[in-house]
Amino acid sequence: MLATHRAIDCARRSTRAVIAAFVALVLHANAHADAPLNYFLQADGPAATPTMHLGWALAALTVVVALIVSVLLVGAIVRRRPPPTARDASHVQGEGGGLHWVWIGTGISSAALFATLAYVLVTLESVASPRREPALTIAVTAYDWWWKIDYARANDGDAGVTTANEIHIPVGEPVKVELRSADVIHAFWVPRLAGKTQTIPGVVNEQWIEADRAGVYRGQCSQFCGAQHAHMAFEVIAEPRAQFDAWYAAQARPHASDTSANVRTGEKLFLDRCAGCHTVRGSDANGAQAPDLTHLNSRRLIAAGVLPNTAANQLDWIQHAQRIKPDALMPSIALSTAEAAALSAYLRTLQ
Ligand code: HEC
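The written sequence of each chain sets the order in which its residues are numbered from 1. Given that the model is predicted, a residue must reach a pLDDT of at least 70 before its local features are reported, and side-chain atom pairs must reach 80 or more before they are shown or counted; all residues, however, enter totals for whole chains, interfaces and linings. With hydrogens and water set aside, each side-chain value is computed from the structure's full complement of heavy atoms.

Caption draft 1: Molecular detail of the packing of aromatic side chains. Any pair of Phe, Tyr and Trp rings, taking the six-membered ring for Trp, is counted once the centres come within 6.5 Å. Such a pair is stacked with planes under 30 degrees apart, edge-to-face with planes over 60 apart, and tilted for the rest. Counted under the stated rule, the structure contains eleven aromatic pairs. Each ring, one from Tyr39 and one from Trp189, has its centre 5.5 Å from the other, and the planes form 65°; the classification is edge-to-face. Separated by 150 residues along the polypeptide, Tyr39 in the loop between helix 1 (2-31) and helix 2 (49-78) and Trp189 in strand 6 (residues 186-189) bring together distant segments of the chain. Connected via pairs of aromatic rings, a cluster forms that spans Tyr151, Phe244, Trp247 and Tyr248. In DSSP terms, a helix is any run of H or I states spanning at least four residues, a strand is any run of E spanning at least two, and both are numbered starting from the N terminus.

Caption draft 2: Representation of the state of the cysteines within the structure. In what follows, a disulfide is any cysteine sulfur pair within 2.5 Å. Overall, the coordinates contain zero disulfides when judged by the stated rule. For Cys225, which is in no disulfide, the shortest distance to another cysteine sulfur is to Cys221 and amounts to 3.9 Å.

Caption draft 3: Inspection of the site of the ligand at higher detail. Neighbouring residues of the ligand: 25 residues in total, closest Cys274, Cys277, His278, Ala303 and Met330. Residue Ala303 places a main-chain N or O atom 2.7 Å away from an oxygen atom belonging to the ligand. Under the rule applied, a polar contact is a pair of N or O atoms within 3.5 Å (in protein, one hydrogen donor and one hydrogen acceptor; residues adjacent in sequence only if both atoms are side-chain atoms). Taking Lys325, its side chain carries an N or O atom lying 2.9 Å from an oxygen atom of the ligand. In this structure, the ligand is accommodated by the second largest pocket. A cutoff of 4 Å decides nearness: a residue is near a molecule or strand if any of its heavy atoms lies inside that distance of it. A cavity here means a set of 1 Å grid points, computed over protein atoms only, where a 1.4 Å probe fits but cannot escape. A pocket is an open set with protein on both sides within 12 Å along at least 5 of 7 lines, and lining residues have an atom within 4 Å of a point. Grid points define the cavity or pocket, and a molecule sits in it when more than half of its atoms lie within 2 Å of them.

Caption draft 4: The arrangement of helix 5 (residues 241-252) in detail. Multiply 1.5 Å by the residue count of a helix minus one, and that product is the helix's expected span. Compared with an ideal rise of 1.5 Å per residue, which puts twelve residues at 16 Å, helix 5 spans 16 Å between its outermost C-alpha atoms and is within 8% of the ideal. Only protein chains enter the calculation, and the probe is 1.4 Å; a residue is then buried if its accessible area is under 20% of its type maximum, exposed if over 50%, and partly exposed in between. All of the buried residues in helix 5 are Phe244, Trp247, Tyr248 and Gln251. Viewed along the axis of helix 5, the buried residues span an arc of 100°, placing them on a single side of the element. Between two residues, a contact is recorded if the distance between any of their heavy atoms is within 4.5 Å. Packed against the buried residues of helix 5 are strand 1 (136-143), strand 2 (146-151), strand 3 (161-164), strand 4 (166-170) and strand 10 (233-239). The arc refers to the directions leading from the helix axis to the C-beta atoms.

Pasting the structure below:
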């Protein structure tokens, strides 16, 4: 008797715990709907919305199954039975006894599982490719621990655009993303726009993204890739077509040189100490292993999402890269006050 009460109590508590956990999950997700990587309650493009709905359906199904099992379990425990007789024992093993509940249960579970499988396959198919041919292809290469972004030439006279950690796309248009890795395996993930895809050395993977609304969508490497994996973020900026075209035209322009003395001193310093790794198109700096700095100041963030892009943060980063992002593949570079001022003046010209 006591054991039965304990079992009922335990079953009740488990049911309550399952419901409380689900409510907490939904409330938590809701409270963080504005969090940039939240994808449970908000998706902003046709490559992400179907999978969000699938997530909801699977979560609901799981809760319903847990509730049904809990209720049946409690019912089985509570139900009084007369002590078994020899007739009952043979009855259970026979066709007409409790065995048909096993068939019913198996039938319902199989139907639910097949329906879920069908829904998963339909969803995967619907996000596999865009409804129309992408107008734009972007090549993204993952490096330890930043992202290089190359836009294929829009036309013959155009030299293409290279930037870092910030992808611009036109709103409402599918964009094809070719994914490569320069070193280890990373994964490209913009939770509100699409699922994640790995970047694997020697392989070109593809995915597509599309944004329904203008806005800034945070992306993040989602495959552990070393010490600064967590600091390997990027942003996708979706904007109306005209604004995107203007951005593209500005990015395609090479650096315009500035002849003032301080800037020239800064440029010389840059060519001596930075150009081995960084490129500034239109100058002699053509290093390939670090972010292209031609239009550095057009970006919102630096160091793959770690710092807002201000003049002070740029200098802080240059002098303390190893403190800000330990093991990053840029050394901390010691600068005298005069050198810092000249370098900063030069960097300001990288609009
Ligand atoms: C040994 C190669 C190397 C040298 C030399 C180097 N950098 Fe870097 N730099 C990098 C790498 C790699 C990154 C990306 C680091 C990351 O985000 O993990 C970077 C990032 C940056 C960024 C942030 C760019 C962005 O958009 O995120 C700035 C600004 C920068 N470097 C300026 C400089 C300047 C100025 C110098 C010279 C005084 C310099 N770097 C020298 C490799 C180098």
